[in-house]
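# Analysis of the macromolecular model
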Amino acid sequence: METYVDAIGEDTAATTMETAAKKKNDNKKLKVMVALDESKNSFDALEWAVQHLRDVISAEPETDQEGGLLTLVHVHPTYLQYIYPSGGTDIVPEPVRKAREESTTKLFTRALEISRGRMVKTETMLLEGDPKEMICQAVEQTHVDLLVVGNRGLGMIKRAFLGSVSDYCAQHAKCPVLIVRPPGEISTKEHKNK
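Keep in mind the model is a prediction, meaning the values are calculated, not measured.

The rules behind the values
Residues numbered from 1 in each chain as written. Predicted model: local features only at pLDDT ≥ 70, side-chain atom pairs only at ≥ 80, totals over all residues. Heavy atoms only, no water. Buried < 20%, exposed > 50% of the residue type's maximum accessible area, 1.4 Å probe, protein only. Helix = DSSP H or I, 4+ residues; strand = E, 2+ residues; numbered from the N terminus. Salt bridge = Lys/Arg side-chain N within 4 Å of Asp/Glu carboxyl O.

## Section: unusual backbone geometry
Look at Met 119: it is not a glycine, yet its phi comes out positive at around 60°. Residue classification places Met 119 among the exposed residues on the basis of a relative accessible area of 61%. A positive phi angle, close to 55°, is found at His 143, a residue other than glycine. When you line up the elements, His 143 lands in the loop between α6 (131–142) and β4 (146–150). The class of His 143 is exposed, set by a relative accessible area of 61%.

## Topic: the pattern of salt bridges
In this structure the tally under the stated criterion is three salt bridges. Residues Arg 97 and Glu 94 are paired through a salt bridge, measuring 3.5 Å at the closest nitrogen-oxygen approach. With Arg 97 and Glu 94 both in helix α5 (residues 94–117) and three residues apart, this pair spans about one turn of that helix. Judged by its relative accessible area of 24%, Arg 97 is partly exposed. The salt bridge partner of Arg 100 is Glu 128, with a shortest N-O separation of 3.8 Å. With Arg 100 in helix α5 and Glu 128 in strand β3 (residues 122–128), this residue pair connects regions lying 28 residues apart in the sequence. In this structure Glu 128 comes out as partly exposed when scored by relative accessible area, which is 34%.

Right, here's the structure in full:
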């Protein structure tokens, strides 16, 4: 390797290698998690993520770059534990269990079509428990770089009583959280402010 000194007196070979190393870090691919449920808003968040974050979560096949990853997480709420106090899922009636499996399959099939249509490497994760807590635990265990969640647009009163998954995750997740508002809500608020 030849070394040249530029007009300022710096070693250009070293500067070039530092620049290349910096560019490689600038092109770092991210691990992104999108929390899904059956709502339109969670699919809006997924659409937003694959559209706007595609460059940082998908690897170019011709480079030696380590690819990013999109993780789709869905949590079955354990509200059944209040109906069945023993807490065991073994006592969940078969029709309920079957309906839940079918809805989860449809949810992930639809989500995978969206992400794979944009050529994004995707994995799915199915959990059971309190969605707010389980999403934050999954973030911590999988070391994702960004969590993307939809916003249902609850008012202050409903949010205070029902709780908001997006608010909870914004406060407790161990990574940055991007909350995607519904597309119609954005333009409606912008028009009201004018």
